[in-house]
Amino acid sequence: MKAAVGSERLTGKISDFGPLFEYAVKLVLLASFLELVLYRLLSRLGMHLSKMAAEHPWITPTFTALTEVGTWLINIVAVLLFLALALAMINRWKGHDTSWLVRGGIAGTVLLLLLTIVFLVVQPGMLGAVIYNGLTLAVLTAFVSEYWITHRESAQRVLVAAYYLGVSGWLYYQIVSSFYSWMGAVAAPPLVYESHRTGEAFMLLASYLVFVAYGKSRSVSLRTKNRRQLSRAMWFWGVTAVVFSALIVADYLLDLYSPAVASAFRKASQGIGWIFQFGMGYTFYLPFAIYVGGLLCWSYTVVKLLMTGRLAGYGIGLMFIAGYALLFSNLTLMVVLGVMLLAFDRAKAATQEAVSTREGSVMPTAERLITGQV
């Protein structure tokens with residue numbers, strides 16, 4: 001007699017897809033992070049420190065060298081993205097549970113890669129921008145819909161929905177603005193300002209939902225019965241609340257203490273917002289503390305997932321490293337790859353295994369005897 005045994009196993013380990021895919025994705029994440037720091041952020045910071053460069057001669061050559069390295073990293077990231085996307089599409093296409101949504105998303109991704117190559121030779125223009133961004137929206141819609149179907153946890157569904165609405169706000173802004181420019185229309189496009197602001201708010205919300213969906217654990221849970229874990233959780237959330245509240249009221253307290261210090265603090269926060277605005281597309285129209293909280297939730301979750309080898313960590317990392325304003329094609333491909341990797345990571349029913357037992361056995365087996373004694 002045979003008994004069927006079913007279990008749940010995690011199919012989102014990066015090591016499950018071969019060493020070539022594993023190292024390609026790891027290099028993409030590392031190179032993308034370095035490109036974000038050395039090119040999109042430090043280059044803007046160097047422009048912001050132009051006054052200090054007159055007093056300190058070392059600033060200009062240092063930031064120039066870092067910017068040159070970041071420029072080279074853009075090309076390296078693009079090559080690695082093509083390789084990682086090709087491997088991801090091959091692994092996803094040959095799966096036994098590949099749906100029509102996945103196949104449609106993969107076909108759209110192939111067209112997106114071909115358009116990227118074509119636009120390197122031919123200037124896309126406004127019409128090309130409309131087609132490229134419209135195809136990107138269609139591809140993300142297919143992969144997000146497939147994620148929504150295959151993932152049953154409500155927190156994960158809300159996360160991917162918030163991120164999709166955030167990216168869609170930017171893509172709508174780009175598509176409609178480029179289309180009106182191509183048509184030569186004088187009138188302002190409808191709802192572009194509102195969609196841009198709403199999309200940034202949804203992206204910020206998604207950075208918090210990342211922690212809820214993938215980052216929460218028993219070590220920071222207040223529901224645990226372990227006193228040591230409960231003490232750690234109370235310290236963690238207590239410090240978080242204090243830091244968050246301090247950032248909220250810092251401007252008011254500094255203004256009471258000294259208007260000059262408060263003015264310097266505001267200028268510093270505006271400088272940070274200016275750097276992130278041009279580097280990642282965030283305008284910082286919301287309170288600065290909210291952005292800091294989202295960054296902490298996102299970074300904690302990504303580090304936790306990467307330490308366990310989860311594909312979701314690489315996907316979430318790429319999705320938010322790309323930022324909100326997808327001004328370059330490599331940032332768009334980064335988002336597509338990130339959503340694909342996030343969809344890879346899910347719990348799936350394992351193949352049922354047959355366990356044979358002895359026929360006609362009167363005495364129990366040794367395993368049963370041991371289990372019964374225990």
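This text goes with the structure placed above it.
Analysis parameters
Residues numbered from 1 in each chain as written. Predicted model: local features only at pLDDT ≥ 70, side-chain atom pairs only at ≥ 80, totals over all residues. Heavy atoms only, no water. Patch = residues over 30% accessible without salt bridge, like charges linked within 9 Å, V, L, I, M, F, W, Y side chains within 5 Å. Areas by Shrake-Rupley, 256 points an atom, 1.4 Å probe, with all protein chains shown as cover. Salt bridge = Lys/Arg side-chain N within 4 Å of Asp/Glu carboxyl O. Helix = DSSP H or I, 4+ residues; strand = E, 2+ residues; numbered from the N terminus. Buried < 20%, exposed > 50% of the residue type's maximum accessible area, 1.4 Å probe, protein only. Phe/Tyr/Trp six-rings, centres within 6.5 Å; stacked < 30°, edge-to-face > 60°. Axes fitted to C-alpha atoms, helices over the stretch in contact; angles between N-to-C directions. Parallel < 35°, antiparallel > 145°, perpendicular 65-115°, else oblique. Left-handed = near helix turned anticlockwise from the far one by under 90°. Contact = heavy atoms within 4.5 Å. Nonpolar A, V, L, I, M, F, W, Y, C, P; charged D, E, K, R; others polar.

1. Some thoughts on a nonpolar patch on the surface
Thought 1: A cluster of nonpolar side chains, namely Met126, Leu127, Ile131, Phe179, Trp182 and Met183, defines an oily patch on the protein surface of about 590 Å² accessible area.
Thought 2: Where the nonpolar patch is concerned, the elements lending two or more residues are α5 (125-150) and α6 (154-183).
Thought 3: Given a relative accessible area of 38%, Leu127 falls into the partly exposed group.

2. Here's the deal with the packing of aromatic side chains
Thought 1: Summed over all chains, the structure comprises twelve aromatic pairs.
Thought 2: Each ring, one from Phe119 and one from Tyr132, has its centre 6.1 Å from the other, and the planes form 50 degrees; the classification is tilted. Remark: Tyr132 occurs in helix α5 and Phe119 occurs in helix α4 (residues 100-121); sequence separation between them is 13 residues.
Thought 3: Judged by relative accessible area, Phe119 falls into the partly exposed class, the value being 23%.
Thought 4: On the basis of relative accessibility, which here comes to 8%, the residue Tyr132 falls in the buried class.
Thought 5: Judged by centre distance (6.2 Å) and plane angle (70 degrees), the ring pair of Tyr282 and Tyr291 falls under edge-to-face.

3. With respect to unusual backbone geometry
With the exception of glycine, the majority of residues adopt a negative phi angle, and the majority of peptide bonds are in the trans configuration.
Thought 1: Look at Leu191: it is not a glycine, yet its phi comes out positive at around 60 degrees.
Thought 2: Note that Leu191 resides in the loop between α6 and α7 (192-215).

4. A look at the packing of α7 against helix α10 (residues 288-307)
Thought 1: As a packed pair, α7 and α10 sit with axes 8 Å apart at the nearest point and diverge in direction by 40 degrees. Compared by their axis directions, α7 and α10 come out oblique. In the packing of α7 onto α10, the handedness of the crossing is left-handed. Of the residues in α10, those in contact with Glu200, Leu204, Ser207, Tyr208, Val210, Phe211, Tyr214 and Gly215 of α7 are Ala289, Ile290, Tyr291, Gly293, Gly294, Cys297, Trp298, Tyr300, Thr301, Lys304 and Leu305.
Thought 2: Split by residue class, the contact of α7 with α10 holds twelve nonpolar, five polar and two charged.

5. Description of the pattern of salt bridges
Thought 1: All told, the structure shown has two salt bridges when counted by the stated rule.
Thought 2: Between Lys26 and Glu22 there is a salt bridge, and its shortest N-O distance comes to 2.9 Å. Separated by four residues within a single helix, Lys26 and Glu22 lie in helix α1 (residues 19-48), roughly one turn from each other.
Thought 3: The closest approach of N and O atoms between Glu146 and Arg92, which form a salt bridge, is 2.6 Å. In this pair, Glu146 is assigned in helix α5 and Arg92 in helix α3 (residues 59-93), connecting sequence segments 54 residues apart.

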